[in-house]
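A structural walkthrough
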2 protein chains.
Amino acid sequence: MSMIQTMDVDVGEPLSLHQRILSDISERILSGAWAPGHRIPFEHELTAEYKCSRMTVNKALSQLAKAGLIERRRRSGSFVRRPQSQAAVLEIHDIRIEVEALGLAYHYERVARHKRRSSAEDRTLLELDSNGPVLALECRHFAGKRPFAHEQRLINLAAVAEAANEEFFAVAPGPWLIARVPWSAAEHRIRAVAADRHIAAALDIEAGAACLVVERRTWSAEHPVTHVRFTYAAESHMLVARFTPSQR
Amino acid sequence: MSMIQTMDVDVGEPLSLHQRILSDISERILSGAWAPGHRIPFEHELTAEYKCSRMTVNKALSQLAKAGLIERRRRSGSFVRRPQSQAAVLEIHDIRIEVEALGLAYHYERVARHKRRSSAEDRTLLELDSNGPVLALECRHFAGKRPFAHEQRLINLAAVAEAANEEFFAVAPGPWLIARVPWSAAEHRIRAVAADRHIAAALDIEAGAACLVVERRTWSAEHPVTHVRFTYAAESHMLVARFTPSQR
DNA sequence: GCCGCGGTTATGTATATACATATTGAAACG
DNA sequence: CGTTTCAATATGTATATACATAACCGCGGC
């Protein structure tokens, strides 16, 4: 297992008052003591209960509303919301970290590198308009001696010109980009595919084996930066995502 | 494509002042105008710029800090953080909604239902201590005439006793549970598997085909409620997750 | 009975103020 | 020269206050 989502559990510190109010209430909601639809006390009632100003109570309740735990209605009060959708935070780490978390030695290999004018397919993947230059990379990531993941990447050279001068022998394109380009948005697609011959050879598995594929497209300030497809060796990989209604 | 993540993009409404400050600053960060490490103006400078009180500025900056876009240091100021990890919000809808979003008719079928004392395997899946009773369900979800997803579910009857009286012919266990049990936490595991014979038959695909599997474990107030494994018919399914540094 | 009108109420936003706290940089001291 | 002390500073939290806004309630007029 890898790609573990770390949760933000704050424990121990002396809580500020509005944080205490917030956690008191969310505990009662999450425990079911206050079921969906239940009206939680008015601000002025909590003000009395905690002997504090309305601003303090308001701060806590506003955060609960933003977190989606309650719904606030003028003149009516605040009500426990019913969970709307199964949402989870998926945290996808650098592959080196994933591998090392498994206690295995990480090794990176650059297989191929081509600079070219973007093809129609490249433009689809990157959501590019013009046929500007792109850098196409193919890499392998190893866990111990076994291939762990196969990486196919396109970099939009119009957005990251300096990538044209980098060979990517020593450093993987992922960390290289992260260190250089402030990204603003990303889109992930996760699916299962049967390994074709090329992938099977690269990952040293049988053709047709089920593989988890994670594709990521990244933008920086409205400009497409990179498209990458990671194909993980069959059975070696799993994504873990956790959800707890956020209190932050 | 399905399981689409809706983003919270607020547009149009008259923004309150602290929201405007917040979006002004986050835009400058996300556009790269203020690179990671850059010190953003002090609260008292923004107070002057926006001609408002420090509380208003503080509200905006506190939210940016909670969203992880900036880091605040006493006496030093607030600094743009470098993106820490690839995190995405994955929103997993009810299967009926997924199917209908594809423009296909949804149909549900209960295949099997067994009430039993929990086996060792059940206890592993549910993270149960005792060998209390569980309800094991097997269902199919159709998109048009084709099987879309196969569902294998365990319900902890100690947590949801009334499930023992429900046949689940008319209503799928997912929506039934959502409507009844306030869940507090969930964990997802996403992986690719080759369809075994049982799954292949249920989904009307070839054995060995690559399938996306989403497993979910749900807790309510510290008690395990249910474990469910959805297996999606090969090639028919994709998870989409988007990330934009949250401003809420 | 129906409609409109204003009052009441709870939340939404903003202000000025106050004091706590962490951290820095410089001055004072050994 | 190194260390301690201290004041300055930016943020963290909380208060009392004020007015805006949305929604509901009941009253009165028709």
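Per-chain numbering applies: the sequence of each chain, read as written, is numbered from 1 onward. The lettering of chains begins at A and the numbering of ligands begins at 1, in the order of writing. Restriction of local features to residues with pLDDT of at least 70 applies here, the model being predicted, together with a cutoff of 80 or more for giving and counting side-chain atom pairs; totals for whole chains, interfaces and linings are based on all residues. Calculated side-chain values reflect all of the structure's heavy atoms, with hydrogen atoms and water omitted.

Some thoughts on the overall build of chain A
- Scanning chain A from terminus to terminus reveals seven helices and 11 strands.
- Within these notes, the globule rule equals 2.2 Å times the number of residues to the 0.38 power, and the radius of gyration is based on C-alpha atoms. Against the globule reference of 18 Å for 248 residues, chain A gives a C-alpha radius of gyration of 24 Å, more extended than a compact globule.
- Seen through its C-alpha atoms, chain A measures out along the principal axes to roughly 70 × 40 × 30 Å.
- Exposure is judged per residue with a 1.4 Å probe applied to protein chains only, and the accessible area is read against the type maximum: over 50% gives exposed, under 20% gives buried, and values in between give partly exposed. Within chain A, the fraction of its 248 residues that count as buried is 50%.
- The accessible surface values rely on the Shrake-Rupley method and a 1.4 Å probe; as for residues, cover is taken only from the protein chains in view. Surface summary for chain A: the accessible area is close to 12,100 Å², and the carbon and sulfur share equals 51%.
- Residues counted as positive are Lys and Arg, residues counted as negative are Asp and Glu, and His and the chain ends are not counted. Throughout, a charge is located at the NZ atom of Lys, the CZ atom of Arg, the CG atom of Asp or the CD atom of Glu. Counting 33 positive and 30 negative side-chain charges, chain A places the averaged centre of each group 6 Å from the other. Comment: elements are numbered from the N terminus, with helices defined as DSSP H or I runs of at least four residues and strands as E runs of at least two.

Topic: the protein's contact with DNA strand D
- Put simply, a residue is near a molecule or strand once any heavy atom of it comes within 4 Å of that molecule or strand. Taken together, 23 residues are adjacent to DNA strand D, and Leu17(A), His18(A), Thr56(A), Arg54(B) and Arg72(B) come closest.
- A share of 64% of the atoms of DNA strand D within 4 Å of the protein falls on sugar and phosphate groups.
- What qualifies as a polar contact is a pair of N or O atoms within 3.5 Å, subject to a donor-acceptor requirement within protein and to the restriction that residues adjacent in sequence count only when both atoms come from side chains. Residue His18(A) places a side-chain N or O atom 2.7 Å away from a phosphate oxygen belonging to DNA strand D.
- Taking Arg54(A), its side chain carries an N or O atom lying 3.4 Å from a base nitrogen of DNA strand D.
- Here the nonpolar group is Ala, Val, Leu, Ile, Met, Phe, Trp, Tyr, Cys and Pro; Asp, Glu, Lys and Arg are the charged ones; every other residue, Gly included, is treated as polar. A class-by-class count of the residues in the surface near DNA strand D yields five nonpolar, eight polar and 10 charged.

Looking at the UniProt feature "domain: HTH gntR-type" (unreviewed entry) in chain A
- Here the UniProt feature "domain: HTH gntR-type" (unreviewed entry) sits at residues 15-83 of chain A.
- Between the C-alpha atoms that bound residues 15-83 of chain A there is a distance of 26 Å. The span itself is 52% helix and 14% strand. UniProt positions are given in the numbering used here, feature names are shortened, and annotations may be inferred rather than shown by experiment.

Quick word on the relation of the copies chain B and chain A
- Laying chain B over chain A is done by rotating through 180° and shifting 0.1 Å along the axis; what remains is an RMSD of 0.3 Å. Put plainly, the chains are arranged around a two-fold axis.
- Both copies share a contact surface, since 98% of the interface residues of chain B are interface residues in chain A too. Alignment of copies: least-squares fit on C-alpha atoms of residues with pLDDT of at least 70 in both copies. By definition, residues are in contact when any of their heavy atoms lie within 4.5 Å.

Here's the deal with the protein's contact with DNA strand C
- Around DNA strand C sit 24 residues, and of these Arg54(A), Arg72(A), Leu17(B), His18(B) and Thr56(B) come closest.
- Considering the 4 Å shell around the protein, atoms of DNA strand C inside it are sugar or phosphate in 65% of instances.
- Listing elements by their share of the surface near DNA strand C, those giving two or more residues are helix H2 (43-50), helix H3 (54-67), strand S2 (70-73) and strand S3 (77-80) of chain A together with helix H1 (17-30) and helix H3 (54-67) of chain B.
- Residue composition of the surface near DNA strand C, by class: five nonpolar, nine polar and 10 charged.

Focus: the domain arrangement of chain A
- The domain architecture assigned to chain A consists of domain 1 (17-80) and domain 2 (89-242).
- Start and end positions for the domains come from either an automated domain assignment or a database one. A C-alpha centroid distance of 44 Å is found between domain 1 of chain A and domain 2 of chain A.

A word on the side chain of Thr226(B)
- Take Thr226(B): it is sitting in strand S10 (residues 223-232).
- Polar side-chain contacts of Thr226(B) include one of 3.2 Å to the side chain of Arg153(B).

Topic: the pattern of salt bridges
All names here are of chain B.
- Salt-bridge detection follows one rule: a side-chain nitrogen of Lys or Arg within 4 Å of a carboxyl oxygen of Asp or Glu. Here the structure, examined in full by the defined rule, presents 35 salt bridges over all chains.
- A salt bridge links Glu187 to Arg189, with the shortest nitrogen-to-oxygen separation between them at 3.1 Å.
- Judged by relative accessible area, which is 19%, Arg189 ranks as buried.

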